[in-house]
Amino acid sequence: MTSLRIEQIPVLRDNYVYLLRDEQEGACAAVDPSLATPVLTALARLGWRLTHVLNTHHHHDHTGGNLELKQATGCTIVGHRRDAARIPGIDLAVDDGGEVALGGVRAQVMDVSGHTLGHIAYWFASEQALFCGDTLFSLGCGRLFEGTPALMWASLKKLRALPNETRVYCGHEYTESNARFALTLDAHNPVLLRRAAEVQGLREGGLPTVPSLLASEKAANPFLRADDPGLLAAARLDGLDPVAAFAEIRRRKDVF
Ligand code: ZN
Ligand code: FE
């Protein structure tokens, strides 16, 4: 029984801001507001009042609207305690394993560092919805700006352990190029081939490929499969341990 309404707002070149509203109590959060104006416009159109900003990490394309939104609405800004100095306007500092209440709906906070140190994901178990910023993308993962391959692999394994039905709301629409890269490693994976065809159709129609289903990511996203002998054989990475295989897949993507 889902009580969270989710609106997806495309901003900048390829960012997504999400508006979440708890329909019982009217609490409303903007996840990673890059900019304030498109969020305020969407709130006015929907007749929603913003009560929270949920930040996944400090990058400007995820926090750029924080201060203006706080000034306009008085919302509470939530971010990782460890990154409090880099989250503009932070009011509520949270840690791994903590909870955030949005009206009657609760999100579990997961530390999924690697893209940055102090990156979190918000998992709404009752809604089967995961907001994971730039850690996990559909068919990809974030670049390692601050963390090591071992840290990012550990973070991705935490996300991989969530239920198959989880919908993955990530920070960017990168799926089409991620699919092209994934096919260079794993050209005969039927789940990947199906997803790549679906993605192409969606993009040709100007439609988002996000959210994706975690079950499909587990089967087709190479960055979740660095310990899968099938992928390692296809990508000629046999014999590497998972962290080394993950690091090599990430390195190949960085130069793709
Ligand atoms: Zn980022
Ligand atoms: Fe980003």
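So, here's what we can say about the structure. Along every chain, residues carry numbers that run from 1 in the direction the sequence is written. Lettering of chains starts at A and numbering of ligands starts at 1, both following the order in which they are written. Residues qualify for local features only when their pLDDT is at least 70, as the model is predicted, and side-chain atom pairs are given and counted only at 80 or more; totals for whole chains, interfaces and linings, by contrast, use all residues. Each side-chain value is worked out from all heavy atoms of the structure, with water and hydrogens disregarded.

A word on the packing of aromatic side chains. Each aromatic pair joins two rings of Phe, Tyr and Trp (for Trp, the six-membered one) with centres within 6.5 Å, and gets the label stacked for planes under 30 degrees apart, edge-to-face for over 60, and tilted for any other angle. The full count for this structure, using the stated rule, is 10 aromatic pairs. When the ring of W153 is compared with that of F246, the centres are 6.0 Å apart and the planes differ by 35°; the resulting orientation is tilted. Placement of the pair is W153 in helix α4 (residues 149-160) and F246 in helix α9 (residues 242-254), with a sequence separation of 93 residues. With relative accessibility at 3%, the residue W153 sits in the buried group. For the ring pair F181 and F256, a centre distance of 5.3 Å and an interplane angle of 65° mean the geometry is edge-to-face. Of the two residues, F181 sits in helix α5 (residues 175-185) while F256 sits in the segment after α9, which places them 75 residues apart along the sequence. Using a relative accessible area of 1% as the deciding quantity, one classes F181 as buried. Remark: exposure states derive from per-residue accessible area (1.4 Å probe, protein chains only) relative to the maximum for the residue type, with buried under 20%, exposed over 50%, and partly exposed in between. F256 sits in the exposed class, given a relative accessible area of 51%. Labels follow the DSSP assignment, with helices taken as runs of H or I lasting at least four residues and strands as runs of E lasting at least two, numbered in each case from the N terminus.

Okay, the sheet that holds strand β8 (residues 105-111) next. Think of it this way: DSSP has to see at least two bridges between two strands before they count as a pair. The 6 strands are arranged β7-β8-β9-β10-β13-β14 in an open sheet whose pairing can be described as mixed. Of all the strands in the sheet, just β7 (99-102) and β14 (212-213) have a single pairing partner and so form its edges. Examined bridge by bridge, strand β10 (residues 129-133) and strand β13 (residues 167-170) share 4 bridges and lie parallel to one another. From the neighbouring strand, F131 faces β13, where its bridge partner is Y169. Contacts are assigned to residue pairs with any non-hydrogen atoms lying within 4.5 Å of each other. The axes used here are C-alpha line fits, helices contributing only the stretch in contact, and every angle between their N-to-C directions lies in the interval 0 to 180 degrees. The strands that α4 touches are β8, β9 (120-124) and β10; relative to β8, the one it contacts most, it runs at about 150°.

With that out of the way, let us pick up the environment of D14. Within the element layout of this structure, D14 appears in the loop between β1 (4-11) and β2 (15-22). Accessibility expressed as a relative area gives 17% for D14, which makes it buried. Distance from D14 to L213, taken between C-alpha atoms, is 19 Å for residues 199 residues apart in sequence. Within polar-contact distance, the side chain of D14 engages the side chain of H172 at 2.9 Å. Nitrogen and oxygen atoms within 3.5 Å of one another constitute a polar contact, given that in protein one can donate a hydrogen and the other can accept it, and given that sequence-neighbouring residues count only through two side-chain atoms.

To continue, consider the packing of α5 against helix α6 (residues 190-204). At a closest axis distance of 10 Å, the pairing of α5 and α6 adopts a crossing angle of 150°. What the angle tells us is that α5 and α6 run roughly antiparallel. Between α5 and α6 the crossing geometry is left-handed. Where α5 abuts α6, its residues T175, E176, A179, A182 and L183 lie against L192, L193, R195, A196, V199, Q200 and R203. Note that Gly is not counted as nonpolar here; it falls among the polar residues with everything else outside the nonpolar set of Ala, Val, Leu, Ile, Met, Phe, Trp, Tyr, Cys and Pro and the charged set of Asp, Glu, Lys and Arg. A breakdown of the residues in the contact of α5 with α6 according to their chemical character gives 7 nonpolar, 2 polar and 3 charged. The scheme is simple: roughly parallel for angles under 35 degrees, roughly antiparallel for over 145, roughly perpendicular for 65 to 115, oblique for anything else. In this scheme the crossing of two helices becomes right-handed for a clockwise turn of the near helix relative to the far one and left-handed for an anticlockwise turn of less than a right angle.

On their own, these measurements won't tell you what the molecule is for.
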